[in-house]
Amino acid sequence: MMIRHGRDRAPDTVDVGDAAVLLRGAAKTYGSGHAAVHALRDADLEVRRGEFAVLLGPSGSGKTTLLNLIGGIEPATSGEVVSCGRDLTGLDEDARTAYRRDAVGFVFQFFNLVPTLTALENVRLVAELTGRGDRERSAAALAAVGLAERGGHFPAQLSGGEQQRVAIARAIAKDPELLLCDEPTGALDLETGRGVLRVLQDLNARGRTVLVVTHNAAIAAVAHRVVRMRSGRVVEVAENTAPASADEVAW
């Protein structure tokens, strides 16, 4: 796909058709010379709007680095990275911060909830940082992950799966275009992990683009698009014509 920079568009926006994420020759190198570490090499990838994609590979394969480039957490060393219609290539830190704030929701393996705040307060805390912190929006985000009745509970009063769902609610309270999840079921048992996957599938069914990083090959069954990585490279991209439901996943 050609990346088109239109004259009538903002300088950092591009026309990539129905692609939510588009990488062309993207690479990330840390250090230089003999000490250089090539975490990501010449990656090409396209994820369409509304897809559920899984980035699959062992530890050290480059999948988290790839997620970080898509999320604007760090810049690519070379190549092109476009996400949510924004050309991230060459953006300064302020511009990347604005992109992360406005367009992307992040979910990590560890929940990182503030223990002295209730579930609703944890969601509102992050939503307020984005300027979208009204109570109704935060309560709606909790309802979307099935925790409408648990907003007044503190993290210690919630199960691991419920805490991860609060973290997802926190990520979607600002209504991001893209939801990026790094090992969201990695600290959970099978049944609890299935519950989290059900929430992610439901959010995807409502039109949100979801990318999940995992080393767990079983989770690939729920995705529309499966991106396999090894040694810093994208080695295979496959499509599932009939993704499985979360309840069918076993690991």
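Look up a bit, the structure's there.
Residues numbered from 1 in each chain as written. Predicted model: local features only at pLDDT ≥ 70, side-chain atom pairs only at ≥ 80, totals over all residues. Heavy atoms only, no water.

### Observations concerning unusual backbone geometry
Then, in step 1: If you check the backbone angles, Asn112 has positive phi at about 55° while not being a glycine.
Then, in step 2: Tracing the chain through its elements places Asn112 in the loop between strand 6 (104-107) and helix 3 (119-129).
Then, in step 3: Of note, the phi angle at Ser231 is positive, near 55°, even though the residue is not glycine.
Then, in step 4: Looking at where Ser231 falls in the secondary structure, it is placed in the loop between strand 9 (225-230) and strand 10 (233-239).
Then, in step 5: With relative accessibility at 55%, the residue Ser231 sits in the exposed group. (Helix = DSSP H or I, 4+ residues; strand = E, 2+ residues; numbered from the N terminus. Buried < 20%, exposed > 50% of the residue type's maximum accessible area, 1.4 Å probe, protein only.)

### Observations regarding the side chain of Arg194
Then, in step 1: Mapped onto the elements, Arg194 comes out in helix 6 (residues 190-205).
Then, in step 2: Judged by its relative accessible area of 14%, Arg194 falls in the buried class.
Then, in step 3: Residues within four places of Arg194 in sequence aside, it is in contact with Ala246, Asp247, Val249, Ala250 and Trp251. (Contact = heavy atoms within 4.5 Å.)

### So, the pattern of salt bridges
Then, in step 1: Tallying each qualifying case throughout the model produces 14 salt bridges.
Then, in step 2: For Glu51, the salt bridge identified is with Arg225, shortest N-O distance 2.8 Å. Here Glu51 is found in the loop between strand 2 (37-48) and strand 3 (52-56), whereas its partner Arg225 is found in strand 9, with 174 residues between them in sequence.
Then, in step 3: Accessibility expressed as a relative area gives 7% for Arg225, which makes it buried. (Salt bridge = Lys/Arg side-chain N within 4 Å of Asp/Glu carboxyl O.)

### Examining the pairing of strand 10
Then, in step 1: Across six bridges, strand 9 lies against strand 10 in antiparallel orientation. Within strand 10, the residue paired with Arg230 across the bridge is Arg233.
Then, in step 2: Hairpin connection from strand 9 to strand 10: two residues lie between these consecutive antiparallel strands, with Ser231 at a positive phi of about 55°. (Pairing = 2+ DSSP bridges.)

### As for the state of the cysteines
Then, in step 1: Counted under the stated rule, the structure contains zero disulfides.
Then, in step 2: Left without a disulfide partner, Cys84 is nearest to the cysteine sulfur of Cys181, which lies 13 Å away.
Then, in step 3: For Cys181, a relative accessible area of 0% puts it in the buried group. (Disulfide = S-S within 2.5 Å.)

### Things to note about the layout of surface pockets
Then, in step 1: If you add up the space inside the largest pocket, you get close to 380 Å³.
Then, in step 2: If you trace the largest pocket, you find 15 residues lining it, with Phe106, Phe108, Val126, Arg170 and Lys174 closest to the centre.
Then, in step 3: Where the lining of the largest pocket is concerned, the elements lending two or more residues are helix 2 (93-103), strand 6, helix 3 and helix 5 (160-172).
Then, in step 4: Residues of the lining of the largest pocket, tallied by class, amount to seven nonpolar, four polar and four charged.
Then, in step 5: Approximately 260 Å³ is the volume found for the second largest pocket.
Then, in step 6: In terms of lining residues, the second largest pocket is bounded by 19 residues, among which Asp175, Pro176, Arg206, Gly207 and Arg208 are the most central.
Then, in step 7: The element best represented in the lining of the second largest pocket is helix 4 (residues 135-144), accounting for four residues.
Then, in step 8: Here the lining of the second largest pocket is built from residues that sort into ten nonpolar, three polar and six charged. (1 Å grid on protein atoms, 1.4 Å probe; cavity = no way out; pocket = protein on both sides within 12 Å on 5 of 7 lines; lining within 4 Å. Points joined across faces, edges and corners; volume = space filled by probe spheres on them. Nonpolar A, V, L, I, M, F, W, Y, C, P; charged D, E, K, R; others polar.)

None of this, on its own, says anything about what the molecule does.
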